[in-house]
Amino acid sequence: MLPICADPSQLDGLAWFACYLTTGKHLAFYASFGTILLLLAITAPVALLFGFGGAMAARARFWPVKILGRTYIAIVRGVPDIAFFLFFVIAIDQGVEWLRHQALCPDWTQAVRQGTEFLVCPEAKAPSSNAPQWAHEVYGFAIAVFTFAIVFGAFAANVLFGAMMAVPKAQLETAAAYGMSRAQTFRRIIVPQMWIYALPGLSNLWMVLVKATPLLFLLGIEDIVYWARELGGTKTPNFTSYPHGDWRMWYFLALLVFYLGLTRVSEVVLDRVMARLSLGQAVAR
């Protein structure tokens with residue numbers, strides 16, 4: 001905090017705003033933008049990995065694997081995202097605690113499920129009650145990333161499955177004529193060429209993922225939406241040294257600018273990637 005901010009009641013004008021915008025809560029608000037970027041940086045490749053695995057399973061010859069892959073794609077795509085976000089956070093958290101409960105408390109005699117309550121031994125709590133605050137935040141963030149990856153991985157699987165099927169069959173037949181195995185054809189023919197067909201769908205999916213990041217607020221993570229609501233709401237002198245009216249419009253306007261800037265940068269990068277992949281491709285226009 002700036003030295004002049006010791007007594008905000010004596011400030012006015014730019015000095016008041018300078019002190020107001022450098023409070024601890026505002027620093028947390030600025031850091032939450034990094035949380036969004038970190039979520040995107042981790043979730044995108046993990047979701048792509050889930051999608052690649054789902055697409056491979058959906059086109060497998062072994063029918064149980066094929067059914068598993070196509071069921072994963074169909075169920076996640078057919079249920080509203082918010083339902084999965086809320087379900088997976090609870091299910092994963094309770095699943096982790098149940099496994100820890102079985103391993104750490106084998107002599108526990110009470111039922112874990114008691115009506116609507118889910119009760120495990122204190123040692124099985126994840127993270128433990130005496131863990132530092134950062135451990136709770138990292139744990140919640142990790143569950144959120146895993147949830148986003150599962151949901152968007154299903155959409156990515158559908159896109160990649162279609163891209164794999166779009167590779168010209170004549171090339172697959174030529175690979176077979178040269179004696180390539182199914183695995184060799186997949187690695188050397190399908191995977192290198194499918195990206196030109198997959199990138200438009202993956203580009204749209206990236207934009208949807210960017211727009212879905214405010215759902216972190218619903219998962220209990222203090223993201224930019226949380227802080228915009230917290231800082232922008234009306235504050236009275238009884239509760240803060242910086243009283244003000246309802247400023248939520250200005251905070252959410254800052255979020256609007258941030259997301260518009262992020263999507264614009266994404267469009268430029270994706271256009272360049274598409275141009276790069278289109279070199280030498282007959283499908284390029």
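These lines cover the structure that appears in this document, whether it is placed above or below. Remember, it's a predicted structure, so these values are computed and weren't measured experimentally.

**Observations concerning the overall build of the protein**
Each helix and strand in the protein was counted, giving nine helices and two strands. Counted from the first residue to the last, the protein has its helices and strands arranged as α-α-α-α-β-β-α-α-α-α-α. Taking 19 Å as the expected radius of gyration for a compact globule of 285 residues, we find that the protein reaches 25 Å, considerably beyond that expectation. Buried positions account for 37% of the 285 residues belonging to the protein. Looking at the protein alone, contacts between residues at least 24 apart form 68% of all its contacts between residues at least 6 apart. In the structure as shown, the protein presents an accessible area of about 16,700 Å², 66% of it carried by carbon and sulfur atoms. Side-chain charges of the protein comprise 21 positive and 16 negative groups, with the mean position of each set lying 20 Å from the other.

**Quick look at the packing of aromatic side chains**
Taken as a whole and assessed by the stated rule, the structure comprises 17 aromatic pairs. Ring pairing ties together the aromatic residues Phe29, Tyr30, Phe33, Tyr251, Phe258 and Tyr259, which thus form one cluster.

**Structural notes on helix H7 (residues 182-212)**
Taking 1.5 Å of rise per residue, 31 residues should cover 45 Å, yet H7 covers just 38 Å from first to last C-alpha, more than 12% shy of that figure. The largest bend in H7 comes to about 50°, at Ala198, with the proline Pro200 one to four residues further on.

**Quick word on the nonpolar core**
In summary, soluble globular proteins display a tendency toward joint burial of nonpolar side chains. Among the nonpolar cores identified, the biggest contains 64 residues, and Phe29, Phe148, Phe152, Leu216 and Ile224 are the most heavily contacted of them. Of all the secondary structure elements, the ones that give two or more residues to this core are helix H1 (13-20), helix H2 (24-58), helix H3 (63-78), helix H4 (81-104), helix H5 (133-166), H7, helix H8 (224-232) and helix H9 (248-278). For this core, the element with the highest residue contribution is H5, accounting for 17 residues. The residues contacting Phe29, other than those within four sequence positions of it, are Ile224, Trp227, Ala228, Leu231, Tyr251 and Leu255. The next biggest cluster of nonpolar side chains, apart from the first, holds six residues, and it includes Cys105, Val112, Phe118 and Cys121.

**Concerning the environment of Glu173**
Within the secondary structure, Glu173 sits in helix H6 (residues 169-177). For Glu173, a relative accessible area of 56% gives the class exposed. Along the backbone, Glu173 and Thr185 are 12 residues apart, and their C-alpha atoms lie at a distance of 9.5 Å.

Calculation rules
Every chain's residues receive numbers from 1 upward, in the order its sequence appears when written. Note on the predicted model: pLDDT of at least 70 is required for a residue's local features to be given, and 80 or more for side-chain atom pairs to be given and counted; whole-chain, interface and lining totals, by contrast, use all residues. As a convention, hydrogens and water are excluded, and side-chain values are obtained from all of the structure's heavy atoms. The helix count covers DSSP runs of H or I at least four residues long, the strand count covers runs of E at least two residues long, and both are numbered beginning at the N terminus. C-alpha atoms define the radius of gyration in this analysis, and the globule rule sets the expected value at 2.2 Å times the number of residues to the power 0.38. Each residue's exposure class comes from its accessible area (1.4 Å probe, protein chains only) as a fraction of the maximum for that residue type: buried when under 20%, exposed when over 50%, partly exposed otherwise. Here, two residues are considered to be in contact whenever any of their heavy atoms come within 4.5 Å of each other. For the accessible areas, the method is Shrake-Rupley and the probe is 1.4 Å, while residue cover comes only from the protein chains on display. We score Asp and Glu as negative and Lys and Arg as positive, and we do not count His or the chain ends. Here the site of a charge means NZ on Lys, CZ on Arg, CG on Asp, or CD on Glu. Side-chain rings of Phe, Tyr and Trp (the six-membered ring for Trp) are treated as a pair once their centres are within 6.5 Å; stacked means planes under 30 degrees apart, edge-to-face means over 60, and tilted covers the remaining angles. The span you would expect from a helix comes to 1.5 Å times its residue count less one. Each residue is assigned a bend, namely the angle between axes fitted to the seven residues that terminate at it and the seven residues that start at it. As used here, the term nonpolar core means buried Ala, Val, Leu, Ile, Met, Phe, Trp, Tyr and Cys residues forming a set that is joined through side-chain atoms within 4.5 Å.

On their own, these measurements won't tell you what the molecule is for.
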